[in-house]
Amino acid sequence: MLCLCLTLSAQSGGSLNLLVRDESGAPVPAATIDLTLDAGGSRQQLKTDPNGRARFVGLPWQRFRLHIEAGSFAPIERTISIRTNIPEELDFILRIANSTESLTVVEKSDATGIDPEQTGSRTQISRDSIDQLAKGGGSRGIEQVLATFPGFAQNANGSIHPRGAHNQMTFVVDGMPISDQLGGAFANAIDPSIVDTLELYTGNIPAEYGNKVSAVVQLTTRSGYGLGRKFTGTLIGQAGQFDSLSQTVQFAGEYRKFAWSGTTLAVKSNRYLDSVSLDNLHNGGNSERYFSRLDYQASSRDTLRALFMGGRSSFESANLRSQQANHMQQRQALNDFSLAGTWLHVLDAKSTTELNLSWRPVRAQLLPSPGDLPVTAWQERRSATVNANARYSKITGPHQLRMGIDYQTYPIRERFRFAVTDPNFDPDLAAFTLPLGGHFFNFDESGRGSMRSAFFQDHLRLGRFTATLGLRYDSYRFLSSGAQWQPRLGLAYHLKETNTVFRASYNRLYQTPPNENLLLSSSPAAAILAPPLVRQTFGDTVLQLRPERQNFYELGMQQGIASWLSVAAAYYHKDATDQQDNNNFFNTGIIFPITLAKIRVNGAEARVELRPRSGFSANISITHARAISTPPFTGGLYIGNDAVAALSQGPFVIDHDQKLGISAMLSYIHKRGYFSTLSTRYDSGLVANPSDPAEVANDSDYSDLLPYVKLGITPARVTPRTITDLVAGYRHQRREQTRWELALQATNLTNQTALYNFQSAFVGTRVVQPRALSLRYRFWF
């Protein structure tokens, strides 16, 4: 696999080849070319070579504004669409400008930031915009960036719920799919520092994507092409409260047909995860990550790329007061590695083929201590995902066709043991209670699953209409087996007179169970640990977790206002059987997959964007989701989750449900280098466990959290919270080159005390981090 991936590479987007000439046909060298996402945010700049040529690679499939300037020539500006990985070839003729004329080619709709070809909910952000955000330390990853988009409810340790789902997201990094449940406590998150552009799909998911598709995040990393240097980079450091330190080194370069880029990152903090009490007890941790990418332009028809990514983390499991008093010192360790590659071959001017391979092994450990309370546990979980796929793309008339086949296999090994250390914990677990003469529960099994897929999709533009017609087939084989045809259909209509786009879509989705602890959750051994009421539902039958089958409907619109403001809104409905979710092993990051009989979700969301204007830019995202789940439960490991018995009696509002979430950002960049970003997020509160207030008041571990949870309403919810972050700094430039930057960051500026969740059967209890100040520096070399 290593040798094969080094021979191949991952193609993650489109490419644009430009030729700039004067009116005599001679090439124009050193012409400045700016390529900007039409929706704003991402900007790349190149200069033409002595032959008048320039090449942009790894472009997201979006609309771009292209601006060309050269000396005394009149500038050219155009809007172009990149929808496939077939290279786009453009030839421009520059004319000599005079005092009264310039050449601009822009349609009315092209300057408004709307996309008339968008048939589902999509949002994008670039590296420059990500750099402006305040980012938490510790275990936080790319999820903290996604939480600024509409459609997400924010949870603890950086985890997010997309459109009423628990997680069920796929990250596509330069063409490599990752469907693991990422987040600081579950698996090592993807760091935002590797991102060049990010595209989020939450509606009308293209037929190319499967497995976990409640949201699809397509990440394009930085390429060394176009830099004009063999080696350049940045050095970033940050230090702050809670003994938080981080160091990042980024580098990139190019030489002839080769280009390379990479990132290394190290983080430590004494508040690595979100704490389980106001005291932040036993909560330190550290992580180290690396990423590298190598591109090779083998010929005018062949592009190769290799991708390496991985890292490790080691952190303490946060303690309650009673656990701290008993000297509990549990730890967790996470390791991952990814190797990917693809070969892109251009057949002709309108068709390409590509082959993608990737391998991603992961390892997770839970390490016990002598003072564990109320249970002691040990775990070692190993799994891997091997992916191979082939793609064929073709443009014919108004059709942009793409089709392909995929094969995934995932070997898994799970080892887990636990025992109860508190004699008063649960009489139903007396056989595993050590003080009562019980013994350890032990589990050690291996398995291998697979999924075979094929898809076809067509992006069709007919006048004011755009249609996306897709069909996908998945065949899943593991503990349970199944198959599903999945139509993915979308339609958009562009009302040019008002710069409005209306759209509608229907998707059939097929989401496979999480692989994390799947063997144990589906085993007869785990079934005997379930609460009696849950066991009574099925008797002695052990049901396997089956893939979720979902119908997804969406209506939406975009509205462009002048050239500086855009509005997008959507309403959606989901209904699904065999809903995928997880239950949490106490307050650790150990999760066990479950299914419920069905779920129904209705939601609405909107996003308003102010494009850069006089140094200011802003956006606001509004999200509402109503999620109703229906038991019975299947799978899981329900130890100490008394609420599961109550939730098994009928439909209930699940903890992904939130009435209102608002995320807003205001940014200012001064031409002299001063900058600041103010971001704020309001959450009306996720559903909490329906605990008895009297019992909580008498529990020293949780009594001081009562003011931050509403247990007297139905359903119980954590109290609303508004968290504000601020970044302010100065970026120094010399001779039109950026040299260094210094910034002060404050997270939770108002120091609000709040909860993400409370005694939840699905995620436990977690406290929002208090105010934290930090200083960040950056040097360019």
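For the structure itself, look to the data block above.
Quick look at the structure, then. (Residues numbered from 1 in each chain as written. Predicted model: local features only at pLDDT ≥ 70, side-chain atom pairs only at ≥ 80, totals over all residues. Heavy atoms only, no water.)

## Notes on the overall build of the protein chain
Then comes step 1: Counting secondary structure elements, the protein chain contains nine helices and 41 strands.
Then comes step 2: Relative to the globule expectation of 28 Å for 781 residues, the C-alpha radius of gyration of the protein chain, 26 Å, shows essentially globular dimensions.
Then comes step 3: Its C-alpha atoms give the protein chain principal-axis dimensions of about 95 × 50 × 50 Å.
Then comes step 4: Out of the 781 residues belonging to the protein chain, those deemed buried represent 59%.
Then comes step 5: Taking contacts inside the protein chain between residues at least 6 apart in sequence as the whole, the part at least 24 apart equals 68%.
Then comes step 6: Counting every atom, the protein chain has about 29700 Å² of accessible surface; 56% of that belongs to carbon and sulfur.
Then comes step 7: The distance from the centre of the 77 positive side-chain charges to the centre of the 68 negative ones in the protein chain is 4 Å. (Helix = DSSP H or I, 4+ residues; strand = E, 2+ residues; numbered from the N terminus. Rg over C-alpha atoms; globule rule 2.2 N^0.38 Å. Buried < 20%, exposed > 50% of the residue type's maximum accessible area, 1.4 Å probe, protein only. Contact = heavy atoms within 4.5 Å. Areas by Shrake-Rupley, 256 points an atom, 1.4 Å probe, with all protein chains shown as cover. Lys, Arg positive; Asp, Glu negative; His and termini not counted. Charge placed at Lys NZ, Arg CZ, Asp CG, Glu CD.)

## Quick notes on the pairing of strand β22 (residues 375–396)
Residues in a regular strand project their side chains so that they alternate between the two faces of the sheet.
Then comes step 1: In this structure, strand β21 (residues 351–367) lies alongside β22, joined through 16 bridges in antiparallel fashion. Along β22, the bridge assignment pairs V362 with S383.
Then comes step 2: With 20 bridges connecting them, β22 and strand β23 (residues 399–420) associate as antiparallel partners. Within the sheet, the bridge partner assigned to Y392 lies in β23 and is M403.
Then comes step 3: Where β22 folds back onto β23 in an antiparallel hairpin, the turn is made up of two residues, including G397, whose phi is positive at roughly 60 degrees. (Pairing = 2+ DSSP bridges.)

## Considerations on the side chain of Q323
Then comes step 1: Mapped onto the secondary structure, Q323 falls in helix α4 (residues 321–325).
Then comes step 2: There is a polar contact of 2.9 Å between the side chain of Q323 and the backbone nitrogen of L320.
Then comes step 3: Within the structure, Q323 has its side chain in polar contact with the backbone oxygen of L373 (distance 2.8 Å).
Then comes step 4: The contacts of Q323, once residues within four sequence positions are left out, are A318, M328, L373 and P374. (Polar contact = N/O pair within 3.5 Å; in protein donor to acceptor, adjacent residues only side chain to side chain.)

## Notes on the sheet that holds strand β8 (residues 122–126)
Then comes step 1: Taken in spatial order, the five strands line up as β8-β13-β14-β11-β12 in an open sheet, and their pairing is mixed. Two strands lie at the open edges of the sheet, namely β8 and β12 (176–178), each paired on one side alone. For this sheet, the mean angle separating the axes of adjacent strands, direction not counted, is 20 degrees.
Then comes step 2: Note: β8 against strand β13 (residues 195–201), five bridges, orientation antiparallel. Looking across to β13, one finds that T123 is bridged to L200. (Axes fitted to C-alpha atoms, helices over the stretch in contact; angles between N-to-C directions.)

## A closer look at the nonpolar core
Then comes step 1: With 30 residues, the main nonpolar core has L146, F171, I190 and L198 as its most contacted residues.
Then comes step 2: Listed by contribution, the elements that provide at least two residues to this core are α3 (143–146), β11 (169–173), β12, β13, β14 (215–221) and β19 (302–316).
Then comes step 3: Once residues lying within four places of it in the same chain are set aside, the contact partners of I190 are G141, I142, F171, V173, I178, L182 and L219. (Core = buried A, V, L, I, M, F, W, Y, C linked by side-chain atoms within 4.5 Å.)

## Some remarks on the side chain of S314
Then comes step 1: You can see S314 is positioned in strand β19.
Then comes step 2: Engagement of the side chain of S314 in a polar contact is seen with the side chain of R331, the distance being 2.8 Å.
Then comes step 3: Not counting the four nearest positions on each side in its chain, S314 is found in contact with G285, N286, R331, Q332 and A333.

Geometric descriptors of this kind do not, in isolation, establish any biological role.
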